[in-house]
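# Per-entry structural report
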Amino acid sequence: MTDPREEFLAGKRPDDVALFLADSYVSDDRLAEFGERVEDGVLIVVDGERGRNAFEAATGTQAMQFAKSAMELEGIIEDDLTGGQCPEAPTDEDHAVQFVFAFAEEQNEDVGGIYAEGDVVHAYAKCTCGTAYSDKWNVPDADA
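Attention here is on the structure that accompanies the text. (Residues numbered from 1 in each chain as written. Predicted model: local features only at pLDDT ≥ 70, side-chain atom pairs only at ≥ 80, totals over all residues. Heavy atoms only, no water.)

Whenever strands of a sheet pair, they do so through backbone hydrogen bonds, lying parallel or antiparallel. Taken together, six strands build an open sheet; the order of strands is β2-β3-β1-β6-β7-β8 and the sheet is antiparallel. The outermost strands of the open sheet, each flanked by one partner alone, are β2 (36–38) and β8 (132–138). For this sheet the average axis-to-axis angle between neighbouring strands, irrespective of direction, equals 20°. As paired strands, strand β6 (residues 97–105) and strand β7 (residues 120–127) are joined by eight bridges and run antiparallel to one another. Its bridge partner lying in β7, Phe 101 is registered against Tyr 124. Relative to strand β1 (residues 16–22), helix α2 (residues 48–59) is tilted by about 20°, and along the sheet it contacts β1, β3 (41–47) and β6. (Pairing = 2+ DSSP bridges. Helix = DSSP H or I, 4+ residues; strand = E, 2+ residues; numbered from the N terminus. Axes fitted to C-alpha atoms, helices over the stretch in contact; angles between N-to-C directions. Contact = heavy atoms within 4.5 Å.)

Moving on to the environment of Phe 66. Take Phe 66: it is sitting in helix α3 (residues 63–70). Assessed through its relative accessible area of 5%, Phe 66 is described here as buried. For the pair Phe 66 and Phe 101, spaced 35 residues apart in the sequence, the C-alpha separation amounts to 8.7 Å. Non-local contacts of Phe 66, meaning those with residues more than four positions away in its chain, are made with Phe 55, Thr 61, Phe 99, Phe 101, Tyr 124, Ala 125, Lys 126 and Ala 132. (Buried < 20%, exposed > 50% of the residue type's maximum accessible area, 1.4 Å probe, protein only.)

Pairing of β7 with β8 involves seven bridges; the strand directions are antiparallel. Bridge assignment links Val 120 to a residue of β8, and that residue is Asn 138. As consecutive antiparallel partners, β7 and β8 are separated by four residues, and within that stretch Gly 130 has a phi angle of approximately 100°, a positive value.

Written out as structure tokens, the structure reads:
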């Protein structure tokens, strides 16, 4: 496995963060040099500190401050980190993800819940309507 996004989503890069920046939000072709061009934007996987700094530079918001505010509302973020369903919208019409910030947390049986079941991806998104929301899920078991 050599693709940074695949490694991140498989829980193999717990010290890194992933950022998705939609073309409609940031139009800087140089971003593709740092990540992977995807259908509607760029997805970047980098070490945690550089990722948080890149997030702040691109969005004007501190990453963990954004994550804390987004935790207040649960929504659906696609497991490839490139989109989602805004909880304020009955349909995708007029609602699209502007950016996603995500990190993975290793399995922690002491915490319980989904953390005991395996590694967990935490993802936080901002919609074009201004709504910030979060989602989290267990990393699929590669052996299953």
